[in-house]
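One-letter residues, chain by chain:
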Amino acid sequence: MRRTSYIITAALAVTLAACSAETETKAPEQPFSSAVAAYADGNYGTALPLIEPHAKSGNVTAQMMLAELYLTGKAGIVDETEGVNWLGKAAEQGDVKALSMMGTRYLNGQGVETDEDKAVEYLLAAAKDGNARANIQMGFLYEYGKAVEQDYDAAGRFYYRAALMGDEEGVSRLAKLSETDAVGPSAYLGLLYRDGKIVEQNSSKAFALVLKDAEAGHPYSQHVISEAYGVGQGTERDIETAYMWANLAAAQSFPEAAKRRDVWAQIMTPEQIETAQTMSREWQANFDATSD
């Protein structure tokens with residue numbers, strides 16, 4: 001009798017669990033458009049219960065809307081725990097804005113325990129997915145060595161990416177760093193001027209900025225300045241100097257530099273190649289001597 005009772009109880013528990021799971025995952029009774037309409041009209045109190053079933057069913061837009069309502073209190077309820085919970089669920093689904101916001105929260109301990117590793121993980125994911133704010137934040141972290149090892153070149157790359165997305169702060173931070181001894185940022189600022197991205201196109205200024213970092217031994221800058229000399233962009237065309245810079249970048253194993261050097265070699269005489277190789281050796285020897 002006891003065994004029979006146990007089996008019935010267990011079966012009932014399984015049935016109730018299945019019913020509960022079905023209740024949690026069943027389709028929302030109201031279409032999401034109703035929730036969106038209420039939200040758009042500013043009827044946040046009405047929108048909140050309409051949004052919640054869709055958020056629970058995995059609708060990432062609904063999760064972001066619900067997070068905003070709880071975090072801002074627009075619906076008359078401020079609940080940071082619930083807000084962060086829904087923001088985290090949206091981030092888990094790869095929502096780029098949620099990733100960026102969660103990264104910031106883990107960095108500053110807002111609604112979650114401070115966790116710099118998680119902060120960098122979320123911010124990097126958002127930055128790679130094209131979030132300008134996350135790129136700015138990653139640039140800031142690298143510039144000041146917070147949560148990551150200080151790296152001005154990496155900082156410059158992230159600021160540059162943000163600038164390409166139209167973020168003027170990326171430009172201003174690049175400009176500020178280019179005025180220091182940091183190696184890398186000047187070149188990325190130069191690329192903006194070369195291509196006329198968010199700043200007025202200026203080949204001469206672009207050349208000067210990139211050359212600064214090339215002369216400091218930055219391999220990417222050496223690769224870029226090689227092209228400038230090779231086609232006469234921002235400076236007079238000088239194929240021997242173009243070869244020299246590509247050769248120097250290739251010596252640092254920069255991708256594509258050897259190919260660029262070989263392209264120049266195809267239109268040079270043996271005498272010009274010999275001269276360019278001598279220039280490379282002399283430049284490197286002088287650089288090594290002054291860097292010690």
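What counts, and at which threshold
Residues numbered from 1 in each chain as written. Predicted model: local features only at pLDDT ≥ 70, side-chain atom pairs only at ≥ 80, totals over all residues. Heavy atoms only, no water. Helix = DSSP H or I, 4+ residues; strand = E, 2+ residues; numbered from the N terminus. Buried < 20%, exposed > 50% of the residue type's maximum accessible area, 1.4 Å probe, protein only. Contact = heavy atoms within 4.5 Å. Areas by Shrake-Rupley, 256 points an atom, 1.4 Å probe, with all protein chains shown as cover. Lys, Arg positive; Asp, Glu negative; His and termini not counted. Charge placed at Lys NZ, Arg CZ, Asp CG, Glu CD. 1 Å grid on protein atoms, 1.4 Å probe; cavity = no way out; pocket = protein on both sides within 12 Å on 5 of 7 lines; lining within 4 Å. Points joined across faces, edges and corners; volume = space filled by probe spheres on them. Nonpolar A, V, L, I, M, F, W, Y, C, P; charged D, E, K, R; others polar. Salt bridge = Lys/Arg side-chain N within 4 Å of Asp/Glu carboxyl O.

Chemist: What is the right way to read the overall build of the protein chain from this model?
Modeler: Of the regular secondary structure elements, the protein chain holds 16 helices and 0 strands. With respect to the principal axes defined by its C-alpha atoms, the protein chain has extents near 100 × 50 × 35 Å. The burial tally for the protein chain puts 40% of its 292 residues in the buried class. When contacts within the protein chain are restricted to residue pairs at least 6 apart in sequence, long-range pairs at least 24 apart make up 50% of them. Roughly 15,700 Å² of accessible area belongs to the protein chain as shown, and the carbon and sulfur atoms make up 50% of that amount. Counting 25 positive and 41 negative side-chain charges, the protein chain places the averaged centre of each group 6 Å from the other.

Chemist: Could you clarify how one ought to interpret empty space enclosed by the protein in this entry?
Modeler: Applying the stated criterion across every chain yields a total of 1 cavity of 30 Å³ or more. Taken as a whole, the largest cavity encloses approximately 80 Å³ of empty space. Along its surface, the largest cavity is lined by Gly190, Arg194, Ser203, Ala206, Phe207, Val210, Val224, Ile225, Glu227, Ala228 and Gln233. Looking at the lining of the largest cavity, the elements that each hand over two or more residues are α11 (185–195), α12 (203–215) and α13 (219–231). In terms of residue class, the lining of the largest cavity is built from 6 nonpolar, 3 polar and 2 charged.

Chemist: Explain the pattern of salt bridges to me, please; I cannot follow it from the model alone.
Modeler: Pairs may arise between side chains of opposite charge once their charged atoms sit close together. Within this structure, the stated rule accounts for 12 salt bridges. Glu169 is paired through a salt bridge with Arg133; the nearest N and O atoms lie 3.0 Å apart. Here Glu169, found in helix α10 (residues 168–178), pairs with Arg133, found in helix α8 (residues 132–144); they are 36 residues apart in sequence, far enough to count as distant. On the basis of relative accessibility, which here comes to 26%, the residue Glu169 falls in the partly exposed class.

Chemist: I keep staring at the environment of Leu124 and nothing clicks. Help me out?
Modeler: Examined against the element boundaries, Leu124 turns out to sit in helix α7 (residues 116–128). Classification of Leu124 as partly exposed rests on a relative accessible area of 24%. Note: C-alpha distance between Leu124 and Glu274 (150 residues apart in sequence) is 45 Å. Leave out the neighbours within four places in its chain, and Leu124 touches Met138 and Phe158.

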